[in-house]
Every structure is written in structure tokens, then in C-alpha cells.
Amino acid sequence: MPPPVAVLAMVRSTLLAIDQGNRTGNYTVLRDLAAPSFHDANTAARLAQIFAPLTAGGIDMLGVAVVDPIYTQPARIDPTGKLHVRGVFQIPPRAISFEFLFEAVGGQWKLFAVAVQPI
């Protein structure tokens, strides 16, 4: 289990990569930093479709860089060995919920699955 500061860094960096993809329309950095299975399953164009509701809604996630998340369950290693992290960032005017699975690859935790939505 990674230390809490590492979990926080993974959550923030993932959301900031999504936010940058939303701003630029380029999700290749998010894709290239993810686990091989995520990379292989998602083209940059597919990621643009997945995150289109955030982009269309004008959701600004830059605040995740400075606001602390509220974890809705403690980070845990699931039965498949993946790190499961779920929570909310209260960023005015709308909160952002997130759920991530990270997979250990070459000694590093890499994004395996993602769900992000405004609430």
C-alpha cells in the first residue's frame, strides 16, 4: 500500500492530466502515463469521447491542485492487487467525484481505470 501522500499525488496528477486533456483536446499524456492495459484499450480519441461531458459542461478541475479530497472510502488494495481510490473534491461551483484503479507496473502505480463526474 502506498503512503497517503503518494495516493494523493496520484489522484491529483490523474485529475490534472484529465483537466489538461479537456482544455487541449489532447489526451495522449494521460494515455501514455497509464498502465499498458489502459493504454491499449483507449485511443486518445476514445478518451476525448469519454471525457466529453466534462468538456461540454465547462468543468474546471484546476482546483484539485490545491484543495484536499474527501475520500468516500479508504484507499485499499482490492482482491486483484489493484489500488482502489474513491472520493470527492469540493471545488466551487461544482464538486467532482472520482474513482480510480491503479495497477502496479514495473514498481510504479499506473492508472488502470477511471471515472470522473461533476456532482
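Note: the structure precedes this text.
Residues numbered from 1 in each chain as written. Predicted model: local features only at pLDDT ≥ 70, side-chain atom pairs only at ≥ 80, totals over all residues. Heavy atoms only, no water.

Colleague: Would you mind going over the environment of Ala-9 with me for this structure?
Modeller: Within the fold, Ala-9 resides in helix H1 (residues 4–24). In this structure the C-alpha to C-alpha distance between Ala-9 and Ala-65, which are 56 residues apart in sequence, comes to 9.4 Å. (Helix = DSSP H or I, 4+ residues; strand = E, 2+ residues; numbered from the N terminus.)

Colleague: Is there a simple way to think about the packing of aromatic side chains in this case?
Modeller: Evaluated as defined, the whole model comprises five aromatic pairs. Centre to centre, the rings of Tyr-27 and Phe-51 are 5.7 Å apart; their planes meet at 25°, and the pair counts as stacked. Separated by 24 residues along the polypeptide, Tyr-27 in the loop between H1 and helix H2 (28–33) and Phe-51 in the loop between helix H4 (44–50) and helix H5 (52–56) bring together distant segments of the chain. When its relative accessible area of 2% is taken as the criterion, Tyr-27 is described as buried. Judged by its relative accessible area of 3%, Phe-51 falls in the buried class. Relative to Phe-98, the ring of Phe-89 has its centre 5.5 Å away and its plane inclined at 40°; by these criteria the two rings are tilted. A single burial state applies to Phe-89 and to Phe-98, both of which are buried. (Phe/Tyr/Trp six-rings, centres within 6.5 Å; stacked < 30°, edge-to-face > 60°. Buried < 20%, exposed > 50% of the residue type's maximum accessible area, 1.4 Å probe, protein only.)

Colleague: So what exactly am I meant to see when it comes to unusual backbone geometry here?
Modeller: Most peptide bonds take the trans configuration, and most residues that are not glycine carry a negative phi. In this structure, the amide linkage connecting Pro-92 to the following residue, Pro-93, adopts the cis form with an omega of 10°. Within the secondary structure, Pro-93 is located in the loop between strand E2 (83–89) and strand E3 (96–105).

Colleague: Just to check I follow, could you spell out H1 for this structure?
Modeller: In an α-helix, one turn spans 3.6 residues, which is why side chains three or four residues apart end up on the same side. When the terminal C-alpha atoms of H1 are compared, their 30 Å separation across 21 residues agrees well with the 30 Å that a helix rising 1.5 Å per residue should span. Taken residue by residue, H1 has Val-7, Leu-8, Met-10, Val-11, Arg-12, Thr-14, Leu-15, Ala-17, Ile-18, Asp-19, Gly-21 and Asn-22 as its buried positions. The inward-facing, buried residues of H1 abut H2, H5, strand E1 (70–77), E2, E3 and strand E4 (108–118). Once H1 ends, the next one or two residues include Gly-25, with phi positive near 80°. (Expected span 1.5 Å × (residues − 1). Contact = heavy atoms within 4.5 Å.)

Colleague: I would appreciate a short explanation of the pairing of E2 in the present structure.
Modeller: One face of the sheet, then the other: side chains in a regular strand alternate in exactly this way. The buried fraction of E2 is high, at six of seven residues. With antiparallel pairing between neighbouring strands as the criterion, E1 and E2 make up a hairpin whose turn holds five residues, including Gly-81 at a positive phi of roughly 90°. Sheet analysis places E2 next to E3, joined by seven bridges and oriented antiparallel. Following the sheet pairing, His-84 is matched in E3 by Leu-101. Hairpin connection between E2 and E3: a loop of six residues separates the two successive antiparallel strands. (Pairing = 2+ DSSP bridges.)

Colleague: So what exactly am I meant to see when it comes to the pattern of salt bridges here?
Modeller: Pairs can form between side chains of opposite charge whenever their charged atoms are close. Throughout the structure, instances matching the rule amount to four salt bridges. Measuring nitrogen to oxygen at the nearest pair gives 2.7 Å for the salt bridge that ties Asp-19 to Arg-23. Here the residue Asp-19 and the residue Arg-23 both occupy positions in helix H1, the gap between them amounting to four residues, near one helical turn. For Asp-19, a relative accessible area of 2% translates into the label buried. Overall, Arg-23 belongs to the exposed group, its relative accessible area being 51%. (Salt bridge = Lys/Arg side-chain N within 4 Å of Asp/Glu carboxyl O.)

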